[in-house]
Amino acid sequence: MEGRSGGMGEGRGREAGGGAEWELVRESESAVAVEAVMSVQVVSAAAAAKVPEVELKDLSPSEAEPQLGLSAAAVGAMVPPAGGGDPEAPAPAPAAERPPAPGPGSGPTVALSPAAGKVPQASAMKRSDPHHQHQRHRDGGEALVSPDGTVTEAPRTVKKIQFADQKQEFNKRPTKIGRRSLSRSISQSSTDSYSSAASYTDSSDDETSPRDKQQKNSKGSSDFCVKNIKQAEFGRREIEIAEQEMPALMALRKRAQGEKPLAGAKIVGCTHITAQTAVLMETLGALGAQCRWAACNIYSTLNEVAAALAESGFPVFAWKGESEDDFWWCIDRCVNVEGWQPNMILDDGGDLTHWIYKKYPNMFKKIKGIVEESVTGVHRLYQLSKAGKLCVPAMNVNDSVTKQKFDNLYCCRESILDGLKRTTDMMFGGKQVVVCGYGEVGKGCCAALKAMGSIVYVTEIDPICALQACMDGFRLVKLNEVIRQVDIVITCTGNKNVVTREHLDRMKNSCIVCNMGHSNTEIDVASLRTPELTWERVRSQVDHVIWPDGKRIVLLAEGRLLNLSCSTVPTFVLSITATTQALALIELYNAPEGRYKQDVYLLPKKMDEYVASLHLPTFDAHLTELTDEQAKYLGLNKNGPFKPNYYRY
């Protein structure tokens, strides 16, 4: 095997007599001279015989020093010369006349690995005296050879370079590095939501359940359960980064902090615990609320962010990779605490609301309202309302304008490209893409792909959305008409079996298939799990599904939501959603008796407009104000709301 570096030497290795022999040769201007011998020669570009030799020797594990760096002497010895060797200097002695290699332990070593397949490069050794040639002695020292052939011993200023087994050395990690390998930590995509901080934890943290640990923050509190409280500093940095892209929440803190509209509120929350959620939680705290929090997803928690929140005094019960039992235990620890009774619920998915209904129904006597942000959670609330079991008012944040329009349209417009790039490294220009569905998600995906130069087709069942697609310049087709020719298939319908096994069989080789819609039902992934098809994991969240004839498709996230599984959601969009949640909590908590009954409500139009207005300063945008005459003519209040509830944005 060979290792080369521009302007450096070339190293080659071969086996002879059961041992590895290595030679490192400096390139000349016209050619590279290579000779396999038991030593390594470093030859200058001007004259291949004028540079001192360095012998390399395999070390047994017992002889190798536990270090990866160069010794001080070796570093000095490898400083490149100011110029080439002296052309007048005599040629080296024949290989047979050279002294054997020095024995082990004769000087400091550099532990590298010939077995790894790459030979370390050396530009040159310390420049020799113009009238002397360096040679090795048996004891590891040097000899000065004068032009007349006289040999005298010189001080041991040049140490030998020895190579040890690389695998052995790389197993000797710093004591604070956990089970995750350095290479995995470096190559880990952001899709895992795993920062560098999480890679440098004590190995015991990976083996011990947080439930079995006794941890305290700097204030002495132990009312939390996170992976490792020592990661708090790293989590704080991530929260500070998120704050820069969440202007509305930061503005809400400044405007309402003095009024404390949530003073006395005791909010129990169950959402994704990320840096963006942390900004929301700290905003609620600044507005006067007490919060206790658990995660709504067993994989989405950022451990370092959870640690930062626990360090700040928030009772947080969550860590990445919880079991099903851990998930419900964490929710219970948030709710069931002596001397603390929640009076508000912020939920994502409905699990927290379900748990309280199931285990602690009497708590609803003091709860003023529920704020729910997900499709699934809202669906559960409407079911409870229809069955007459919803005993408190609930706010449907998911269908508010500032959540639906911005999160679905503008978020997907950016995250579709992010997810595809991270997983496939593909170029979009000229690619043929079919997007199934032209709702808000489909509109965002099509706009992004069209802007990148892709040829975009659209499938749609709704004639209104279909007409919009045509007016936006997209060709409306049936999936069967283009399935053989497209390079990418993206589902955005919220339906099931949109892409069937028949479609998958007819796709071209290397077609990319992914989902931006509901759950994992849109692509019939189950039909691909058959004996005749081979699944090959390429990288995280990327699979090749290979047909018997060799054709393969690239399936992303096993048909699950691409942007949440393979990339991240833009923080600015989450600022809009989180601000909507905060205002919904303020509205329900401060609403007078009787304003909201035991039903599900949309956020008032005035609140939606206020959320939007808080984000306008980011763009240095200036709203036009109505005159009294104009407001009277339109029949509006000068301060809004400006659109009726039935208005379609």
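Once a new chain begins, its residue numbering starts again from 1 and follows that chain's sequence as written. Two thresholds apply to this predicted model, a pLDDT of at least 70 for residue-level local features and 80 or more for giving and counting side-chain atom pairs, whereas whole-chain, interface and lining totals are computed over all residues. Hydrogens are left out, water is left out, and the side-chain values use all remaining heavy atoms of the structure.

With an unreviewed UniProt entry as reference, the protein chain is termed S-adenosylhomocysteine hydrolase-like 2, source organism Mus spicilegus. UniProt positions are given in the numbering used here, feature names are shortened, and annotations may be inferred rather than shown by experiment. You can read under Subcellular location (unreviewed entry) in the UniProt record for the protein chain the words "Microsome". Reading the Sequence similarities (unreviewed entry) entry of the UniProt record for the protein chain gives the comment "Belongs to the adenosylhomocysteinase family."

### Observations regarding the state of the cysteines
Count a disulfide wherever a pair of cysteine sulfur atoms falls within 2.5 Å. Enumeration according to the criterion identifies zero disulfides in this entry. We note that Cys412 lacks a disulfide partner, and the nearest cysteine sulfur, in Cys411, lies 5.1 Å from it. Any residue under 20% of the maximum accessible area for its type is buried, any over 50% is exposed, and the rest in between are partly exposed; the area is computed with a 1.4 Å probe on protein chains only. What makes Cys412 buried here is its relative accessible area of 5%.

### Focus: the environment of Gly419
Strands here mean DSSP runs of E at least two residues long; helices mean DSSP runs of H or I at least four residues long; both are numbered from the N terminus. With respect to the helices and strands, the residue Gly419 is situated in helix H12 (residues 401–424). By relative accessible area, which is 0% here, Gly419 ends up buried. Taking the C-alpha atoms as reference, Gly419 lies 8.2 Å from Ser565; in sequence the two are 146 residues apart. Between two residues, a contact is recorded if the distance between any of their heavy atoms is within 4.5 Å. Other than its neighbours up to four places away in sequence, Gly419 contacts Leu562, Cys566 and Ser567.

### Some remarks on the nonpolar core
We call a set of buried Ala, Val, Leu, Ile, Met, Phe, Trp, Tyr and Cys residues a nonpolar core when their side-chain atoms join them within 4.5 Å. Residues Leu262, Ile267, Leu284 and Val316 are the most contacted members of the largest nonpolar core, which totals 58 residues. When residues of this core are traced back to their parent elements, those giving at least two are helix H5 (232–244), helix H6 (247–256), helix H7 (275–286), strand E10 (290–295), helix H8 (303–311), strand E12 (344–347), helix H18 (571–590) and helix H19 (605–615). Apart from the residues lying within four places of it in its own chain, the contact partners of Ile267 are Leu262, Leu284, Ala289, Gln290, Cys291, Arg292, Trp293, Trp340, Met344, Leu346 and Leu585. Membership of the second largest hydrophobic core comes to 31 residues, among which are Tyr438, Val458, Ala469 and Ile490.

### Regarding the layout of surface pockets
Empty space among the atoms can be located by rolling a probe the size of a water molecule over them. Estimates place the volume of the second largest pocket at around 780 Å³. At the level of secondary structure, the elements contributing two or more residues to the lining of the second largest pocket comprise H12 and H19. A per-element tally of the lining of the second largest pocket places H19 first, with seven residues. For the lining of the second largest pocket, the class distribution of residues is 11 nonpolar, four polar and eight charged. A cavity, in this analysis, means grid points on a 1 Å lattice covering only the protein atoms where a 1.4 Å probe fits yet has no way out; a pocket is instead an open set bounded by protein on both sides within 12 Å along at least five of seven lines, and a residue lines either one if it has an atom within 4 Å of a point. Grid points are joined across faces, edges and corners, and a volume is the space filled by probe spheres set on the points. Side-chain classes are defined by residue name, with Ala, Val, Leu, Ile, Met, Phe, Trp, Tyr, Cys and Pro counting as nonpolar, Asp, Glu, Lys and Arg as charged, and the others, Gly among them, as polar.

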